[in-house]
Amino acid sequence: MTDLVIRPLVAGEENLFESMPDPLPQLRQVGYADGIAGGGYRAENTWVALRAGRVVGRAAWVLPPGAVGAPWLERFDLDAEPEVGAALLRAAHEALGGPRLYYAAMPAHWRRRPEVLAVMKAPMAAARLSGLVERGERLRCSWTGTPLPAASGRFTFRPAADAAEINAMVARIAEPEVLTGMEVARAVGGVDLATDPLAWLTGPAGDWRVALDAGEPVGLVGTAGQACYPLIAYLGLLDEAVRGELLAEAVRVLAAGGAREVVADVDAHRVAVVAELERTGFRQLRSRVVFEPAASPPSGSALTPGSALAAGSVANRAHPCSGPNR
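Everything quoted here is computed from the prediction, not taken from an experiment.

Below, the discussion takes up helix α5 (residues 163–172). Along an α-helix, residues three or four positions apart point the same way, because every turn accommodates 3.6 residues. Regarding α5, the residues found buried are Glu165, Ile166, Met169 and Val170. One side of α5 carries all its buried residues, which in axial view fall inside an arc of 135°. For α5, exposure combined with an orientation more than 90 degrees from the buried face picks out Ala164, Ala171 and Arg172. Contact partners of the buried residues in α5: β7 (155–159), β9 (208–213), β10 (216–224) and β11 (231–237). Two or three places before Ala164, at the opening of α5, Asp162 has a side-chain oxygen 3.2 Å from that residue's backbone nitrogen.

Listed below in structure tokens is the structure:
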């Protein structure tokens, strides 16, 4: 590696960063220059590895304007051996004050796609060599108009009465099943979407639906129709039997408001939830594998900051997809 140069970018070098071909063009991403313009990407938080003037590794950490958290690694591409990527990450981590979270974004079903595995093998190995540890995986799923399953007639649904009812039900739900935008809520506002969703989702109580079984509340879903993608922001159950019908009800509410696409994020290990999303007509769009510093505690679903609002405005709060890796 004697001919290798590792350094941060300087202002105005956006074209140098983008001179490296995008290895996964099928991922939804906005350009690096747009991220710079939005304030989430900054030259001093962007590093490159060069050989003979050619970019063979690039890494961009992101932090939305006004965010309370630390920057996370959103873009990391490598056209060199893993040791080069590890050297790049170590140099950047030293400048950033220590290792940071890395979200390795890939197309859906990446483990079954040899062409994706070939691209991601080196950067993921580099992350491990630099001292980061794999701590879980999140899936983004999308509904785009597929007919919804018929209701059984067992459950009824109504808008939430008020914030007090929402908070009371949230307090009874130990582990919400769908949390879309939780990374943004944590990183930007310091909000735990799983336990205090109304601190982030500031729309009317009518955006929430309560599922009832013989008059008793058994589930709660919060939607947001005004983000760049309408989304199921929160889904929590007191009875797993209502899962599919509550998902379908949330989609119906959003579709009635004009939504042509609805997104939902779920932890990959929640096999039953992923299966129900698919039965409801959702398809997987992408995966994000979470890497953390080795000394960090394992992340729960409410503790993984990162994803989404990299290039956008903090004011657009329930917003899972305005950043570089959408």
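Our next topic: the packing of aromatic side chains. Tallying each qualifying case throughout the model produces 5 aromatic pairs. Where Trp208 meets Tyr234, the ring centres are 5.5 Å apart and the plane angle is 50°; that geometry is what we call tilted. A residue pair is termed long-range when its members are at least 10 positions apart, and Trp208 in strand β9 and Tyr234 in strand β11 qualify at 26 residues. Among the residues examined, Trp208 registers a relative accessible area of 2% and is labelled buried. For Tyr234, a relative accessible area of 0% translates into the label buried.

Our focus in this paragraph is the environment of Ala126. Relative to the elements of secondary structure, Ala126 occurs in helix α4 (residues 114–129). Judged by relative accessible area, Ala126 falls into the buried class, the value being 0%. As a C-alpha pair, Ala126 and Pro82 span 44 residues in sequence and 4.5 Å in three-dimensional space.

In this sheet, strand β13 (residues 283–293) lies alongside strand β6 (residues 132–143) in antiparallel orientation, the contact comprising 10 bridges. Within the sheet, the bridge partner assigned to Arg140 lies in β13 and is Arg286.

Put simply, helix α7 (residues 243–256) and helix α8 (residues 271–280) touch, their axes get as near as 9 Å, and they point 50° apart. In terms of orientation, α7 and α8 fall into the oblique class. As α7 packs across α8, the resulting crossing turns out to be right-handed. Counted together, Arg243, Gly244, Leu247 and Ala248 of α7 and Ala272, Val273, Glu276, Leu277 and Thr280 of α8 form the full contact between these two elements. Here the contact of α7 with α8 is composed, by residue class, of 5 nonpolar, 2 polar and 2 charged.

What counts, and at which threshold
Residues numbered from 1 in each chain as written. Predicted model: local features only at pLDDT ≥ 70, side-chain atom pairs only at ≥ 80, totals over all residues. Heavy atoms only, no water. Buried < 20%, exposed > 50% of the residue type's maximum accessible area, 1.4 Å probe, protein only. Helix = DSSP H or I, 4+ residues; strand = E, 2+ residues; numbered from the N terminus. Arc of directions from axis to C-beta. Contact = heavy atoms within 4.5 Å. Polar contact = N/O pair within 3.5 Å; in protein donor to acceptor, adjacent residues only side chain to side chain. Phe/Tyr/Trp six-rings, centres within 6.5 Å; stacked < 30°, edge-to-face > 60°. Pairing = 2+ DSSP bridges. Axes fitted to C-alpha atoms, helices over the stretch in contact; angles between N-to-C directions. Parallel < 35°, antiparallel > 145°, perpendicular 65-115°, else oblique. Left-handed = near helix turned anticlockwise from the far one by under 90°. Nonpolar A, V, L, I, M, F, W, Y, C, P; charged D, E, K, R; others polar.

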